[in-house]
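Observations on chain architecture
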Amino acid sequence: MASVLRFRKLCYVESAVKCTSVGYESFEIDEKLDKKEEDVLSANNFALEINKKRKQPKRQPKEWRCLDSCCWIIGYLCTTWWLLLFFYHCLPVTLLRVPELPGPGVKLKREGLTALHPVVLVPGIVTGGLELWEGRPCADGLFRKRLWGGGSFTQIFKRPLCLLEHLSLHYETGLDPQGIRVRAVPGLVGADYFAPGYFVWAVLIENLAKIGYEGKNLHMAAYDWRLSFQNTEIRDHALTRLKSKIELMYISNGYKKVVAVPHSMGVIYFLHFLKWVETPPPMGGGGGPGWCAKHIKAVMNIGPAFLGVPKAVSNLFSAEGKDVSYIRAMAPGVFDSEILGLQTFERVMRMARTWDSIVSLLPKGGEVIWGNMDRSPEEGHVCDFSKKSHSKTSLTTNNVNNSEVKRGFLVKDLANYGRIISFGKPASVLHSSKLPTADSKEFSRTSTSENFNNFSCGEAWTEYDEMSRQSIQHVAADKAYTTTTLLDLLRFVAPKMMRRAEAHFSHGIAENLDDPKYNHYKYWSNPLETKLSDAPDMEIYCMYGVGIPTERSYVYKLSPNSRCKSIPYQIDNSVHGEDGSCLKGGVYFADGDESVPVLSAGFMCAKGWRGRTRFNPSGIATYIREYRHKPPTSLMEGRGIESGSHVDIMGNFALIEDIMRVAAGATGDEIGGDQIHSNIIKMSERINLGL
């Protein structure tokens, strides 16, 4: 009877249970009813718990911290790395391999071309490998291991501060610090690849090998690109070894003259060598005035930085450029955080300011070449490659290739390119009469009592730490700086660096090249302060990419980070121009190869050395070979075979073919003379330089 009563009560409480009959049941039915009752009670208890939780107050969302940003960024990088590693190892090789195309080497071999003139390759800044010969305890186990280039970048993650210490030079001498010896990696492997899969000279070397080049007639002139050019000779005898190698190759290859192929900063390094080799000892190599005429057939300059690059300005001034400023704006908490105390930019600046080679890349020629506050050679152009075409331009001495319509790099609104650095957008666009002047007499250090000398604030010391707040603010008081006042500015903010480096480099224009002072090596890498050799049969080529926005000038601001031992200035990434403007992210862009503007790469071949000039008294023939940038159409094409980018152009098939034809015996006229796509001729005409 008790079971029946419990069953009826259960039917009354839970309507979901249907009672179809009431009566006496068996013992098995009674057990099932007990279980159902327990299930219903459990369901009721669960509902009560849910109601209690709903009544509880909701938790506030966790505040996003700088450390969280760092963790997410690291997580994204690691995830991307592992995905790339997975695809590399797991996907079929046919999907990863660039489609096989008959390269220039195969094509020219079919035409019957063979190796004739020995070839010397001269790498530029950064791309050459550096290895350790002696170091501090933190570098144990790295003897003769690469600290730079060739895939050694794992060391950056393992011991970054140790790596920066060993790549830095002595701040006073520009040579080795005590107890550290880092040297250039010799041979072709020194600069064939910058990192695994990222070629520099490898593609050119492979194609040269197709027509018979090898160790006996192909040489990589490795040198320590951090040093000033004369210091590569003082410390390593690099110039003497290059002279001896060229003489040996000349003799052992049937007295055939050498074709030199320098790239980027290697162009002005080799220009220094051409003057050094004919200068009497002890300052020079003692080859005599006819050495170049006897040993050099042609100098084929790739991406030449003859007149410097604005990128060097931003690197020395704030340790950043276009790409770095973008990253800095996206994740300011990572690099500028006082909590993390990374001092990333300060450490990089400390290291870079010991490399005299960067000072060699500062713009040369002053306002005559690069423009003043209200004028520049590029004026009247727009940053749109697709809408504007120019009339054909011809030269009197050489035939210009105008088979394609040349595109200019035109500008919608006025860009005052002559103002290399402007503090604030108004300072970059207002007429000079409305701006305060930047007079070199104003640059003077205040007393040391006002200086920041609290070394407990951080470890990465820079010369900014010796400036007072008043001086820092005075530099940025709505001013703009041209290439002339820029040098005064750098002497003010980094006097030790400039005193050391300016003992090796000069950035002016010679008034009288017969003045004995120009026999000093500090002038030899500046084409505006030295004469070319007396070698009328030699040829000089300016070979570079065009059609890529290239950094030309910068808009700066005071850094919002006020902690001591920080860089007080940074590119103002928030400043943009109108649609179609050349101003983007605080950077004004001009035409070039992404690193070197057309003005720097092409002016000497277009005008400075064209014909018989005071810079080229023997009338050495000059040729301009421009390669219009065409990006790859798909990821499967890698970095492209028609790229005009500063490094990727080393894999440009047209450029490689030009080099191979000259090495096989062709002249500049036989490969087509000048090939011009940019506005370099009009730019050169606007430059009032006495020749």
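Rules and cut-offs
Residues numbered from 1 in each chain as written. Predicted model: local features only at pLDDT ≥ 70, side-chain atom pairs only at ≥ 80, totals over all residues. Heavy atoms only, no water. Salt bridge = Lys/Arg side-chain N within 4 Å of Asp/Glu carboxyl O. Helix = DSSP H or I, 4+ residues; strand = E, 2+ residues; numbered from the N terminus. Axes fitted to C-alpha atoms, helices over the stretch in contact; angles between N-to-C directions. Contact = heavy atoms within 4.5 Å. Nonpolar A, V, L, I, M, F, W, Y, C, P; charged D, E, K, R; others polar. Pairing = 2+ DSSP bridges. Phe/Tyr/Trp six-rings, centres within 6.5 Å; stacked < 30°, edge-to-face > 60°. Buried < 20%, exposed > 50% of the residue type's maximum accessible area, 1.4 Å probe, protein only. Core = buried A, V, L, I, M, F, W, Y, C linked by side-chain atoms within 4.5 Å. Parallel < 35°, antiparallel > 145°, perpendicular 65-115°, else oblique. pLDDT = per-residue confidence, 0-100. Disulfide = S-S within 2.5 Å.

1. Some words on the pattern of salt bridges
A side chain of one charge can pair with a side chain of the opposite charge when the charged atoms of the two come close. Applying the stated rule across the entire model yields 27 salt bridges. Through salt bridges that share partners, D176, R183, D224, R226, R235 and D236 make up one connected network.

2. So, unusual backbone geometry
Going from P281 to P282, the amide bond is cis rather than trans, its omega being 10 degrees. Here P282 lies in the loop between α11 (265–278) and α12 (291–295). The phi torsion at H237 lies on the positive side, around 55 degrees, for a residue other than glycine. Within the fold, H237 resides in the loop between α9 (229–236) and α10 (238–252). Of note in the backbone geometry, E594 takes a positive phi value of approximately 90 degrees without being a glycine. Residue position: E594 is located in the loop between β16 (587–592) and α23 (598–608).

3. A few points about the packing of helix α13 (residues 311–318) against helix α16 (residues 344–352)
For any two helices packed against each other, the geometry is given by the interaxial angle and the distance between the axes. One can describe the packing of α13 onto α16 by two numbers: an axis separation of 8 Å at closest approach and a directional angle of 115 degrees. Contacts between α13 and α16 pair N315, L316, F317 and S318 from the former with F345, M349 and A352 from the latter. Classifying every residue of the contact of α13 with α16 gives 5 nonpolar, 2 polar and no charged.

4. A short note on the sheet that holds strand β3 (residues 146–148)
Across the sheet, which stays open at both edges, the 3 strands sit in the order β3-β2-β4 with antiparallel pairing between neighbours. The outermost strands of the open sheet, each flanked by one partner alone, are β3 and β4 (181–184). Across the sheet, the mean angle from the axis of one strand to that of its neighbour is 45 degrees, orientation sign disregarded. Bridging between strand β2 (residues 130–134) and β3 involves 2 bridges; their strand directions are antiparallel. Counted as the bridge partner of E131 is R146 from β3. Packed on one face of the sheet, helix α7 (residues 160–167) meets β2, β3 and β4 and runs near 85 degrees to β3.

5. Let's talk about the packing of aromatic side chains
Per the counting criterion, the structure on display carries 25 aromatic pairs. Centre to centre, the rings of W148 and F194 are 5.9 Å apart; their planes meet at 65 degrees, and the pair counts as edge-to-face. Residue W148 is found in strand β3, and its partner F194 is found in strand β5 (residues 193–195); the two are separated by 46 residues along the sequence. Feature note: the residues F317, F423, Y464, Y481, Y554, Y556 and Y569 constitute an aromatic cluster, connected by ring pairs.

6. A closer look at the sheet that holds strand β17 (residues 621–628)
An order of β7-β1-β8-β9-β12-β17 is seen for the 6 strands of this open sheet, with the pairing classed as parallel. Across the chains shown, the open sheet's two edge strands, defined by having one partner strand only, are β7 (218–220) and β17. Adjacent strand axes in the sheet meet at a mean angle of 15 degrees, parallel and antiparallel pairs treated alike. Pairing of strand β8 (residues 258–262) with strand β9 (residues 296–302) involves 3 bridges; the strand directions are parallel. What sits directly across from V258, in β9, is I296. Relative to strand β1 (residues 119–122), α10 is tilted by about 160 degrees, and along the sheet it contacts β1, β7, β8 and β9.

7. Description of the pairing of β1
Along any regular strand the residues' side chains alternate between the sheet's two faces. Burial along β1 is two-sided: V119 and L121 facing one way and V120 and V122 facing the other are all buried. Alignment of β1 against β7, held across 3 bridges, turns out to be parallel. Of the residues in β7, the one forming a bridge with L121 is M220.

8. As for the nonpolar core
Core analysis: the biggest nonpolar cluster contains 159 residues, and W201, F273, F317, I421 and Y569 have the highest contact counts within it. A total of 10 residues in this core trace back to one element, the largest contributor, which is α11. With residues up to four places along the chain from it excluded, the contact list for W201 reads L121, V122, P123, A191, D192, M220, V261, P262, H263, I302 and M650. Membership of the second largest hydrophobic core comes to 9 residues, among which are Y417, V555, C582 and Y588.

9. Overview of the packing of α9 against α11
Contact geometry for α9 and α11: axes closest at 9 Å, N-to-C directions at 65 degrees. Classified by the angle between their axes, α9 and α11 sit roughly perpendicular to one another. Across the interface between the two elements, F229, Q230, T232 and E233 from α9 touch M265, I268, Y269, H272 and W276 from α11. Along the lines of polarity and charge, the residues of the contact of α9 with α11 split into 5 nonpolar, 3 polar and 1 charged.

10. Things to note about the confidence of the model for the protein
Overall, the prediction assigns the protein a mean pLDDT of 82, with 73% of residues at 70 or greater. Between residues 446–456, whose pLDDT stays under 50, and residues either more than four places distant or in other chains, the model counts 20 contacts.

11. Concerning the state of the cysteines
Applying the stated criterion to the full structure yields 2 disulfides. Here C138 connects covalently by a disulfide to C162, the sulfurs 2.1 Å from one another. Handedness of the C138-C162 disulfide follows from its S-S torsion of about 80 degrees: it is right-handed. Taken as a pair, C138 in the loop between β2 and β3 and C162 in helix α7 lie far apart in primary sequence, 24 residues in all. Covalent S-S linkage joins C542 and C605, the inter-sulfur distance amounting to 2.1 Å. Looking along the S-S bond of the C542-C605 disulfide, the torsion reads about 75 degrees, which is the right-handed sense. Of this pair, C542 sits in strand β12 (residues 539–546) while C605 sits in helix α23, and the two are 63 residues apart along the sequence. For C542, a relative accessible area of 0% gives the class buried.

12. Details of the pairing of β9
Of all 7 residues in β9, 7 are buried, a share of seventy percent or more. Bridge analysis of β9 against β12 gives 5 bridges, and the strand direction is parallel. In the strand pairing of β12, V299 is matched with I540.

13. Section: the environment of H629
By secondary structure assignment, the location of H629 is in the loop between β17 and α24 (653–663). Distance in space between the C-alpha atoms of H629 and V546 is 5.9 Å, their sequence separation being 83 residues. H629 has contacts with V546, I548, E642, S643, G644 and S645, leaving out every residue within four places of it along the chain.

14. Here's the deal with the side chain of E657
Among the structural elements, E657 can be located in helix α24. The class for E657 is buried, based on a relative accessible area of 16%. Those residues within four positions of E657 in sequence are excluded, and the remaining contacts are P104, K107 and L108.

15. Some words on the environment of M249
Tracing the backbone through its elements, the reader meets M249 in helix α10. Overall, M249 belongs to the buried group, its relative accessible area being 1%. Residues in contact with M249, not counting those within four places in the same chain, are P118, V119, V120, K216, N217, L218 and H219.

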